[in-house]
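Summary of structural features
Here is how the chains run, residue by residue.
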Amino acid sequence: APHAQSAAHAAQSSPASASHVPFPQRVQTAPEVIATFELLRDGRVRNLKIVQTSGVSTLDYSVQRAILEASPFPPIPAGFDRDSARVEFWFELRR
């Protein structure tokens with residue numbers, strides 16, 4: 001199933017983890033940040049948006065920056081039948 005392949009590809013290409021997103025050290029806890037973007041066939045990111053904010057603007061910005069700095073991702077597999085895939089990225093701050 002092309003959609004399943006896309007989901008697996010996006011998961012393998014995860015842009016960031018807690019250890020890779022720089023965030024303010026004074027922030028001990030925050031709600032999840034959810035970002036969405038289109039992953040183009042060549043691995044570039046388009047239309048990056050924060051769809052759920054943590055309420056901490058510097059943390060939200062750090063998540064966006066981590067995604068952009070990780071771009072380009074590996075190309076979408078040839079068997080995927082569209083020119084882009086919608087990716088939803090969840091970030092949860094854990095201390």
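Look above for the structure.
Presented here is an overview of the structure given in this document. Remember, it's a predicted structure, so these values are computed and weren't measured experimentally.

Rules behind the numbers
- Residues numbered from 1 in each chain as written.
- Predicted model: local features only at pLDDT ≥ 70, side-chain atom pairs only at ≥ 80, totals over all residues.
- Heavy atoms only, no water.
- Helix = DSSP H or I, 4+ residues; strand = E, 2+ residues; numbered from the N terminus.
- Buried < 20%, exposed > 50% of the residue type's maximum accessible area, 1.4 Å probe, protein only.
- Polar contact = N/O pair within 3.5 Å; in protein donor to acceptor, adjacent residues only side chain to side chain.
- Salt bridge = Lys/Arg side-chain N within 4 Å of Asp/Glu carboxyl O.
- Contact = heavy atoms within 4.5 Å.

Within the secondary structure layout, S84 lies in strand 3 (residues 84–91). On the accessibility criterion, S84 (18% relative accessible area) is buried. Within the structure, the side chain of S84 is placed 3.3 Å from the side chain of E38, a separation counted as a polar contact.

The next subject is the environment of P75. With respect to the element layout, P75 can be found in the loop between helix 2 (57–70) and strand 3. Classification of P75 by relative accessible area gives exposed; the value is 54%. Measuring from C-alpha to C-alpha, the distance between P75 and R44 comes to 8.2 Å, with 31 residues separating the pair along the chain.

Moving on: the pattern of salt bridges. Scanning the model with the defined rule gives 5 salt bridges in all. Taking the shortest distance from any N to any O, the salt bridge between E38 and R46 comes out at 2.9 Å. Here E88 makes a salt bridge to R86, at a shortest N to O gap of 3.9 Å. With relative accessibility at 59%, the residue R86 sits in the exposed group.

With that out of the way, let us pick up the environment of V51. Tracing the chain through its elements places V51 in strand 2 (residues 45–52). Taking the relative accessible area as the measure of exposure, V51 reaches 48% and is therefore partly exposed. In contact with V51, other than residues within four places in its own chain, are I34, A35 and T36.

Geometric descriptors of this kind do not, in isolation, establish any biological role.
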